[in-house]
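# Descriptive analysis of the structure
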Amino acid sequence: MAIEIRNPATGEIVGRVTAATAEEVAKAVDSAREAQVRWRLLPFSERARVIRRFHDLILDRRQIVLDTIQSETGKSRRDALAELVTVAGTARYYLANGAEHLKVKRRSPAVPVLTSAEIVYKPHGVVGLITPWNYPFLLGVGDALPALLAGNAVVGKPSEVTPLSAVLARELLIESGLDPDLFSLVHGSGEVGTRLINHVDYVGFTGGTVTGRKVAVAASERLIPYSLELGGKNPMIVLSGAPLEAAAKGLTVGAFSNAGQTCISIERVYVEQAVYEEFAKRLAEQTAALRLGWSKSWDLDIGSMISREHAEKVLGRIRAATDAGARALAGGDARPDLGPAFVQPTVLTDVTDEMPISTEETFGPVVSLYPVRNAEEAIARANRSEFGLNASVWAKGSQAQEIARRIETGSAVMNSTLLIYNSFDVPMGGVKLSGIGRRHGEQGILRYTQAQSIVGSPATGGGYDAMLSLVRSQRMADALVWLLRLWRRL
Ligand code: NDP
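Scoring rules and cut-offs
- Residues numbered from 1 in each chain as written.
- Predicted model: local features only at pLDDT ≥ 70, side-chain atom pairs only at ≥ 80, totals over all residues.
- Heavy atoms only, no water.
- Salt bridge = Lys/Arg side-chain N within 4 Å of Asp/Glu carboxyl O.
- Buried < 20%, exposed > 50% of the residue type's maximum accessible area, 1.4 Å probe, protein only.
- Helix = DSSP H or I, 4+ residues; strand = E, 2+ residues; numbered from the N terminus.
- Contact = heavy atoms within 4.5 Å.
- Polar contact = N/O pair within 3.5 Å; in protein donor to acceptor, adjacent residues only side chain to side chain.
- Axes fitted to C-alpha atoms, helices over the stretch in contact; angles between N-to-C directions.
- Parallel < 35°, antiparallel > 145°, perpendicular 65-115°, else oblique.
- Left-handed = near helix turned anticlockwise from the far one by under 90°.
- Nonpolar A, V, L, I, M, F, W, Y, C, P; charged D, E, K, R; others polar.
- 1 Å grid on protein atoms, 1.4 Å probe; cavity = no way out; pocket = protein on both sides within 12 Å on 5 of 7 lines; lining within 4 Å.
- Points joined across faces, edges and corners; volume = space filled by probe spheres on them.
- Near = heavy atom within 4 Å.
- Areas by Shrake-Rupley, 256 points an atom, 1.4 Å probe, with all protein chains shown as cover.
- Sits in = over half its atoms within 2 Å of the grid points.
- Expected span 1.5 Å × (residues − 1).

### As for the pattern of salt bridges
- The final tally for this structure, using the stated rule, is 32 salt bridges.
- Note that Glu 83 and Lys 75 form a salt bridge whose closest N and O atoms lie 2.5 Å from each other. Accessibility classification places Glu 83 together with Lys 75 in one group, the buried group.
- The partner of Arg 447 in a salt bridge is Asp 143, with the nearest N and O atoms 3.6 Å apart. Here Arg 447 is found in the loop between helix H15 (441–446) and strand E20 (449–456), whereas its partner Asp 143 is found in the loop between helix H5 (138–141) and helix H6 (144–149), with 304 residues between them in sequence.
- When salt bridges that share partners are traced, they join Asp 353, Arg 373, Glu 377, Arg 381 and Arg 384 into one network.

### Some thoughts on the environment of Asn 234
- Within the secondary structure, Asn 234 is located in strand E10 (residues 234–238).
- Distance from Asn 234 to Trp 298, taken between C-alpha atoms, is 28 Å for residues 64 residues apart in sequence.
- Contacts of Asn 234, omitting those with residues within four sequence positions, involve Cys 263, Ile 264, Ser 265, Ile 266, Glu 267, Arg 268, Leu 389 and Asn 390.
- Engagement of the side chain of Asn 234 in a polar contact is seen with the backbone oxygen of Cys 263, the distance being 2.8 Å.

### Digging into the packing of helix H10 (residues 244–256) against helix H11 (residues 273–288)
- Direction vectors running N to C along H10 and H11 enclose 50 degrees, while the axes themselves pass 9 Å from each other. Here H10 is positioned oblique relative to H11, judged by the angle of their axes. Seen along the crossing, H10 lies across H11 with a hand that is right-handed. Mapping the contact onto sequence places Leu 244, Glu 245, Ala 247, Ala 248, Lys 249, Leu 251, Thr 252 and Phe 256 in H10 and Val 275, Glu 278, Phe 279, Arg 282, Leu 283, Gln 286 and Thr 287 in H11.
- Taken together, the residues of the contact of H10 with H11 break down into 8 nonpolar, 3 polar and 4 charged.

### Examining the packing of helix H3 (residues 62–73) against helix H4 (residues 77–102)
- At a minimum axis distance of 9 Å, the contact between H3 and H4 shows a crossing angle of 120 degrees. Remark: the crossing between H3 and H4 carries right-handed chirality. The segment H3 lies against H4, with Arg 62, Gln 63, Val 65, Leu 66, Asp 67, Ile 69 and Gln 70 engaging Arg 77, Ala 80, Leu 81, Glu 83 and Leu 84.
- Its residues placed into classes, the contact of H3 with H4 shows 6 nonpolar, 2 polar and 4 charged.

### Here's the deal with empty space enclosed by the protein
- What the rule picks out here adds up to 3 cavities of 30 Å³ or more.
- Taken as a whole, the largest cavity encloses approximately 60 Å³ of empty space.
- Considering the residues around the largest cavity, the lining is formed by Thr 90, Tyr 94, Leu 138, Leu 139, Gly 142, Asp 143, Pro 146, Tyr 421, Arg 439 and His 440.
- Mapped by element, the contributors of at least two residues to the lining of the largest cavity are H4 and H5.
- Considered class by class, the residues forming the lining of the largest cavity number 5 nonpolar, 3 polar and 2 charged.

### Re the site of the ligand
- Close to the ligand lie 30 residues, the nearest being Thr 131, Lys 157, Thr 211, Leu 230 and Glu 361.
- Contact between the ligand and Gly 188: an oxygen atom at 3.3 Å from a main-chain N or O atom of the residue.
- One of the side-chain N or O atoms of Thr 211 is found 2.8 Å from an oxygen atom in the ligand.
- Here the ligand has 910 Å² of accessible area as a free molecule, and 86% of this is covered by the chains.
- Judged by its atoms lying within 2 Å of the grid points, the ligand is housed in the largest pocket.
- Secondary-structure elements contributing two or more residues to the shell around the ligand are helix H8 (190–197), strand E8 (202–206) and helix H9 (209–222).
- Among the residues making up the shell around the ligand, the classes are represented as 11 nonpolar, 13 polar and 6 charged.

### Some details on H3
- With 12 residues, H3 extends 16 Å between its outermost C-alpha atoms, agreeing within 8% with the 16 Å of an ideal straight helix rising 1.5 Å per residue.
- Taken together, the buried residues of H3 touch strand E1 (2–6), strand E2 (13–18), helix H2 (44–60), H4 and helix H7 (164–175).
- Taken from the residues just after H3, Gly 74 is the one with a positive phi, measuring 75 degrees.

### Details of the environment of Ala 96
- Within the secondary structure, Ala 96 is located in helix H4.
- A relative accessible area of 62% means that Ala 96 is categorised as exposed.
- Taking the C-alpha atoms as reference points, Ala 96 and Ala 48, 48 residues apart in sequence, are found 9.4 Å from one another.

Treat this as a map of the structure, not an account of what it does.
Structure follows, in structure tokens:
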């Protein structure tokens, strides 16, 4: 069955893919499995050569990459560039550090000198990556790079709304020298994702919490490992003494880039009472100055949302809040003059904790401001959420760090908002309903491996197991106990 892909900003058909049948999903995994047997035997440097070429190629072909991302998502050129920059950064990071993360690690053995212990990291085999529509290039290929470098094959299931960026990424990987069977794609709805889980050896899922639960159940049924990168209701804290103009500017990026359709987007802002009015005023001014629209030029800040349905859902949330007493300091409406799915970047005040907009993920360009008495109240309210993905803290000096450490999220950013996504040497992921597992850093590549422990003892004398049988008298047992005491002191 053919799936038509449309630009949500213009309604124009921009491409087609074919939905995979059950047999095609099984065949893609079988072929991947065969190719992986050869790939895993290559030294890291050989696998890295392909990824290095891919890194350079996506930069050389940036125009087509950006055009493709923009045409299937309706996002701005700058938001598309953010995807390219992050994929290049992921490749660069794992090219520089992957071998070190994957190398055999010597560990303390059972008996020093006499025995040995080491950990070997082995690829799972075939990794299934199920990804959403909001960052189709970044999520479509970014997580595949460490999986491939670790010696796995990958079968991706992109969102059926935005498969074209992943298709392009695959073509560029093949042009970089990758065996086509090592990174294949199966297209279609969630059902295709479920089928994929039934065949692969590891599932990396990025998407909503409701779907994430289903993926966890399906993977658990097969007892295969998985990671879930899910949604968020990310808080920001602004305290008196923070640079208000910079914080307002940072928030326009943190809340409105990608039309707010980012897992780590800021949706709740707790502002110390003393600076609330001033901060709200600056934020409203900066928000009103943002330029909306869709084109391939660089002078627009915010593009379309992914679909009319999603835009309507977000507008419905805004309306429910304003009907219940919230006020829009900026935005609050659709922009049908620009296209069917444009929503003005919106700043809400007088929002109460009972309104769904303050607890449920909106995934749109809407941010709510809440006045708080002090840092303690800000921390308590920031933590009062069933999500725990990312947080942002704007405060003076060491106060920002102290607060960041008390926030119950997988990551916290000081005096910035989305910085975590480009901090490749630290793990990124969620706690609570925001997920299980981490991307980036050492964990971001080791998750694609099974740790095998290899321990040994001298070949003579029946090995370590036989050592205890040498104890044949009370004196020998006492001597052994004496040795254990000495060992602890050493
Ligand atoms: P969904 O959870 O609806 O979909 C994600 C992917 O899963 C899509 O490819 C979808 O296919 C597929 N899928 C749907 N049902 C199943 C199923 N039963 N089994 C297997 N796969 C299935 O998320 P959205 O696409 O709506 O994306 C938005 C969500 O993603 C937000 O909640 C956002 O916070 C989260 N997200 C999290 C990130 C993170 O790193 N933590 C990053 C980016 C987004 P199809 O769409 O074709 O139906």
